[in-house]
Amino acid sequence: MTLDSDLKASAPKRVMSGMRPTGRLHLGHYWGVLKNWESLQAQYDCFFMVADWHALTTRYDQTADLRAHTRDMLADWLAAGVDPARATVYVQSSVPEIAELSLILGMLTPLPWVQGDPTLKDMVKMLHEELNYGLLGYPVLQTADILAMRGDLVPVGKDQLAHLEISRDIARRFNHVYQRDYFPEPRPLLTQQPLMMGLDGAKMGKSAGNAILLSDDADETCRKIRTAITDPARQRRQDPGDPEQCQVVFKYYPLFAPPDAVEQTAAECRSAARGCVDCKKLLAEYLNETLRPIRERRRTLADDPGELDRLLRAGGEKARAVASDTLRGVREAVQLPTF
């Protein structure tokens, strides 16, 4: 084994992930993504991207708040534990090499691969509008996001495995067509966090009006928790409840309350020793205590947008250096002329 291959073998695996900047994040993002990112940055070389080009695939006519949404999202990331000293945070459009790589990869991607992507089909149904060229190319651009950073691992949920498989197929096809083992085939890093439902029992989302935002204050959190659904069969205070049938409130307890409090809550629900109103009040206390340090950090970050911009510029420079090196190898493999 050569010295270069020794160094590659000993280097930490690289994780690549990102989010579209659609505004302030909610508890679903925190529990399902950010807590995972916080732990990953201690183990891997992490690249976390603000996917602003991807935002244009469905919101090309809603760009007035794109910069504000980018800062808001970054403030949420950092407040929740993402550390720019241990992970590279950057904006997708600050790395134009990704766009060039996407163009090249698109040339060798068969159309049925992207047309058959189940995630793409779901997005078209949700939007209730015609499929545009940018959204059709979403899987190829996502592949370029990953491969530009030479990502080895991509944190995904089980519902996103098929989407990542397209990226693996494209990487494999590039290596085969140009007869070199250039791109790693990105592997899924399955997230272990359970899906956090919204206050109404449906998927949590800002537009659905069922989300608690990381930026909400304590009073707003209490107000929202009061609207959360519980066991629908428990009609009166003296009726025994069933924690397993409590569609939202009891499911939040294991996420924010200590184990003994979870057990006590279940027991008092079954015996009708505690009513749903009191259960919600206590949950709001646990939730606010968990979010208190995050909110404090977020206020400090939001008060200094210049620092947020500086961090994104620094991360963009690092990400662009990696992508530029990747693209040099791609251009050489494809034998594109240079003059």
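Predicted model only: the values in this text are computed from it and were never measured.

Enquirer: Explanation requested: the packing of helix α4 (residues 66-79) against helix α14 (residues 276-302) in the structure shown.
Expert: The packing of two helices is summarised by the inter-axis angle and the distance between the axes. Relative to each other, α4 and α14 sit at 135 degrees, their axes nearing to 8 Å. Between α4 and α14, the crossing angle belongs to the class labelled oblique. For the crossing formed where α4 meets α14, the hand is right-handed. In this structure, α4 contributes D72, A75, D76, L78 and A79 to the contact, and α14 contributes I294, R297, R298 and L301. Tallied by class, the residues present in the contact of α4 with α14 amount to five nonpolar, no polar and four charged.

Enquirer: When you look at the packing of helix α11 (residues 218-225) against α14 in this model, what are you seeing that I'm missing?
Expert: Between α11 and α14, whose axes approach to 9 Å, the crossing angle comes to 145 degrees. Classified by chirality, the crossing of α14 by α11 is right-handed. Residues A218, T221, C222 and I225 of α11 lie in contact with α14, whose contacting residues are K280, L283, A284, L287, N288 and R295. Here the contact of α11 with α14 is composed, by residue class, of six nonpolar, two polar and two charged.

Enquirer: Just to check I follow, could you spell out the environment of I294 for this structure?
Expert: Positionally, I294 belongs in helix α14. Using a relative accessible area of 3% as the deciding quantity, one classes I294 as buried. Setting aside chain neighbours within four positions, we find I294 in contact with Y30, A79 and A80.

Enquirer: Just checking my understanding: could you explain the environment of L120 for this structure?
Expert: Tracing the chain through its elements places L120 in helix α7 (residues 118-127). L120 gets classed as buried once you look at its relative accessible area, which sits at 5%. For the pair L120 and R187, spaced 67 residues apart in sequence, the C-alpha separation works out to 20 Å. Ignoring sequence-local partners within four residues, the contact set of L120 consists of V114, L131, L135 and L136.

The rules behind these values
- All chains use their own residue numbering, which begins from 1 and follows the written sequence.
- Since the coordinates come from a predicted model, pLDDT governs what is reported: local features require at least 70, and pairs of side-chain atoms require 80 or more to be given and counted, while whole-chain, interface and lining totals use all residues.
- With hydrogens and water excluded, all non-hydrogen atoms of the structure serve as input to the side-chain values.
- Only the stretch in contact is used when a helix axis is fitted, and all axes are lines through C-alpha atoms; the angle between N-to-C directions ranges over 0 to 180 degrees.
- Runs of E in the DSSP output that reach at least two residues are strands. Runs of H or I that reach at least four are helices, and both are numbered from the N terminus.
- Roughly parallel means an angle under 35 degrees; roughly antiparallel, over 145; roughly perpendicular, 65 to 115; everything else is oblique.
- Helix crossings fall into two classes, left-handed where the near helix is turned counterclockwise from the far one by less than a right angle and right-handed where it is turned clockwise.
- By definition, residues are in contact when any of their heavy atoms lie within 4.5 Å.
- The classification used treats Ala, Val, Leu, Ile, Met, Phe, Trp, Tyr, Cys and Pro as nonpolar, Asp, Glu, Lys and Arg as charged, and all other residues, Gly among them, as polar.
- The buried label goes to any residue with under 20% of its type's maximum accessible area, the exposed label to any with over 50%, and the partly exposed label to all in between, with areas taken from a 1.4 Å probe on protein chains only.

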